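Chain by chain, the residues:
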Amino acid sequence: QVQLVESGGGLVQDGGSLRLSCAASGSIFGINAMGWYRQPPGKQRDLVAHITSGGRTNYTDSVKGRFTISRDNAKNTVYLQMNSLKPEDTAVYYCNAGLVTSGVYRNLGLWGQGTLVTVSS
């Protein structure tokens, strides 16, 4: 079982930046990718970005050019650098362990506790 612990959320002004971290521990058998999801208040949880074990990345259109996902395999940590933040980026951000097959990310139901990001206008 994989344990995921997010950190780095907080309150930031429109146009500001934050970096989220996700530390993973435990068995990673069967996992070849990590993802960040977000859930705005009253809305569904959606995939924002993912990164494979080989470093291949993918982003949802609304964050392309602003967010960067990366990983440090030595530290078993995945990061989400968020720049040019907008009020509509306000959400709880969740780290996720998953599997990429044929370029499609599938979450394996392994979640962190989430970290709140609030962008004020």
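Throughout what follows, the structure given in this document is the object of discussion. (Residues numbered from 1 in each chain as written. Predicted model: local features only at pLDDT ≥ 70, side-chain atom pairs only at ≥ 80, totals over all residues. Heavy atoms only, no water.)

1. Focus: the state of the cysteines
Stage number 1. Taken as a whole and assessed by the stated rule, the structure comprises 1 disulfide.
Stage number 2. Paired through a disulfide, Cys22 and Cys95 show a sulfur-sulfur distance of 2.0 Å. Taking the sign of the S-S torsion, about -80° here, the bridge from Cys22 to Cys95 comes out left-handed. Taken together, the residues span a long stretch of sequence, with Cys22 in strand S3 (residues 18-26) and Cys95 in strand S9 (residues 91-101) at a distance of 73 residues. The pair formed by Cys22 and Cys95 is uniform in burial state, with each residue classed as buried. (Disulfide = S-S within 2.5 Å. Helix = DSSP H or I, 4+ residues; strand = E, 2+ residues; numbered from the N terminus. Buried < 20%, exposed > 50% of the residue type's maximum accessible area, 1.4 Å probe, protein only.)

2. Digging into the pattern of salt bridges
Stage number 1. With the rule as written, the count across this model stands at 3 salt bridges.
Stage number 2. For Arg38, the salt bridge identified is with Asp89, shortest N-O distance 2.9 Å. Of the two residues, Arg38 sits in strand S4 (residues 33-39) while Asp89 sits in the loop between strand S8 (77-82) and S9, which places them 51 residues apart along the sequence. You'll find Arg38 and Asp89 in the same group, each marked buried.
Stage number 3. Of the charged contacts in the structure, one is a salt bridge between Asp61 and Lys64, with a shortest N-O distance of 3.0 Å.
Stage number 4. Under the relative-accessibility criterion, Asp61 is labelled exposed at 61%.
Stage number 5. Here the residues in one salt-bridge network are Arg38, Arg66 and Asp89, joined through shared partners. (Salt bridge = Lys/Arg side-chain N within 4 Å of Asp/Glu carboxyl O.)

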